[in-house]
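Listed here are the chains, written in short residue letters.
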Amino acid sequence: MHQSSLGGFAAPHPTDRLFFAVMPPPDIADRMASLAGQLSGDLGLHGRPRPTSHLHVTLHHLGDFAGLPQQRVDEACAAAAGVAVPSFEARFERVDSFRGRPGKHPFVLLGAEGIVGLAGLYESLGARLATAGLARRERAFVPHITLLYDARTVAPRPIEPLGWTVREFLLIHSLLGRTEYRVLGRWPLPAG
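Just so it is clear, the structure is predicted and the values come from calculations on it, not from any experiment. (Residues numbered from 1 in each chain as written. Predicted model: local features only at pLDDT ≥ 70, side-chain atom pairs only at ≥ 80, totals over all residues. Heavy atoms only, no water.)

1. Here we look at the pattern of salt bridges
The final tally for this structure, using the stated rule, is five salt bridges. The closest approach of N and O atoms between Glu 93 and Arg 91, which form a salt bridge, is 3.0 Å. By relative accessible area, which is 17% here, Glu 93 ends up buried. Residue classification places Arg 91 among the partly exposed positions, given a relative accessible area of 34%. (Salt bridge = Lys/Arg side-chain N within 4 Å of Asp/Glu carboxyl O. Buried < 20%, exposed > 50% of the residue type's maximum accessible area, 1.4 Å probe, protein only.)

2. Regarding helix α1 (residues 26-43)
Compared with the 26 Å implied by 1.5 Å per residue over 18 residues, the 25 Å span of α1 between its first and last C-alpha is a close match. By the burial criterion, the buried members of α1 are Ile 28, Ala 29, Met 32, Leu 35, Ala 36, Leu 39, Ser 40 and Leu 43. Down the axis of α1, the sector holding all buried residues measures 130°, keeping them to one side. Residues of α1 that are exposed and point over 90 degrees away from its buried face: Pro 26, Asp 27, Ser 34, Gly 41 and Asp 42. Here the buried face of α1 lies against β3 (88-97), β4 (105-110), β5 (144-150) and β6 (157-166). At the C-terminal side of α1, Gly 44 shows a positive phi close to 70°. (Helix = DSSP H or I, 4+ residues; strand = E, 2+ residues; numbered from the N terminus. Expected span 1.5 Å × (residues − 1). Arc of directions from axis to C-beta. Contact = heavy atoms within 4.5 Å.)

3. So, the nonpolar core
Core analysis: the biggest nonpolar cluster contains 48 residues, and Phe 20 and Phe 169 have the highest contact counts within it. Apart from the residues lying within four places of it in its own chain, the contact partners of Phe 169 are Phe 20, Ala 21, Val 22, Leu 59, Ala 80, Val 83, Leu 121, Leu 125, Gly 185, Arg 186, Trp 187 and Leu 189. (Core = buried A, V, L, I, M, F, W, Y, C linked by side-chain atoms within 4.5 Å.)

4. Description of the packing of aromatic side chains
Inspection of the entire model under this criterion finds six aromatic pairs. Ring centres of Phe 20 and Phe 169 lie 6.0 Å apart, and the angle between their planes is 55°; this geometry places the pair in the tilted category. Here Phe 169 lies in strand β7 (residues 168-175) and Phe 20 lies in strand β1 (residues 16-22), a separation of 149 residues in the sequence. By relative accessible area, which is 0% here, Phe 20 ends up buried. Residue classification places Phe 169 among the buried positions, given a relative accessible area of 1%. Their ring planes at 20° and their centres at 6.1 Å tell us that Phe 92 and Trp 164 sit as a pair that is stacked. Of this pair, Phe 92 sits in strand β3 while Trp 164 is found in strand β6, placing the two residues 72 residues apart along the sequence. With respect to class, Phe 92 is no different from Trp 164; both count as buried. An aromatic cluster is defined as three or more aromatic residues linked by ring pairs; in this entry it consists of Phe 20, Phe 169 and Trp 187. Lying across the ring of Tyr 149, Lys 104 places its NZ or CZ 4.9 Å from the centre. (Phe/Tyr/Trp six-rings, centres within 6.5 Å; stacked < 30°, edge-to-face > 60°. Lys NZ or Arg CZ within 6 Å of the ring centre and 35° of its normal.)

5. Overview of helix α3 (residues 116-131)
For α3, with 16 residues, the first-to-last C-alpha span of 23 Å sits near the 22 Å given by 1.5 Å per residue. Of all the residues in α3, the buried ones are Leu 118, Leu 121, Tyr 122, Leu 125, Gly 126 and Leu 129. Along the long axis of α3, the arc covered by the buried residues comes to 130°, so they all point the same way. Summarising the geometry of α3, the exposed residues directed more than 90 degrees from the buried face are Val 116, Glu 123 and Thr 131. Against β1, β2 (57-65), α2 (70-80), β3 and β7 lie the buried residues of α3. Looking one or two places after α3, you find Gly 133, whose phi comes out positive at around 75°.

6. A few points about the sheet that holds β7
Across the sheet, which stays open at both edges, the four strands sit in the order β2-β1-β7-β8 with antiparallel pairing between neighbours. Unpaired on one side and paired on the other, β2 and β8 (180-188) mark the two borders of the sheet. Going across the sheet, the axis of each strand differs from the next one's by a mean of 20°, ignoring polarity. Judged from the seven bridges that link them, β1 and β2 form a sheet pairing that is antiparallel. The residue bridging Phe 20 from the neighbouring strand is His 60, located in β2. Relative to the sheet, α3 contacts β1, β2 and β7, its axis offset from that of β2 by approximately 35°. (Pairing = 2+ DSSP bridges. Axes fitted to C-alpha atoms, helices over the stretch in contact; angles between N-to-C directions.)

Right, here's the structure in full:
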């Protein structure tokens, strides 16, 4: 009989995810959702567009947990309070597909020069998280907004640029499997 390393008990199933993100304002999120609907028809994609309230750029993923780890939330909030980055413009100029799980490839918005400010915020927040002992090993930071997931992938293509002035970043609590986000903290970025 096979025994797990936890004395015969399975590891608890994650129910909660924590991550830092920036989100577009509602009018820009609506334009992104419209673009997703239009392009999915034009490109033969069948995935359902993400809810506008879920469109975001992930800055740092803090982990998946079985239950909300309040100490981790408190430590993350304290680290975020030390970030001192001025507000900036974020602009996305193309769409592309990432390789994902079979049948679930992210169809995303990407940028070029228009994402420099996002990279700066990512670096600053990452340094604060590292100092607090909360840094996770991350893949290369590729600022993107997932519009939908689809079985198909498409080649990159330019779009009319979509962007906004990023004036805050957020700590998000995602209830896994329930398509529900809760904002646990907001940190304003002073005018640049």
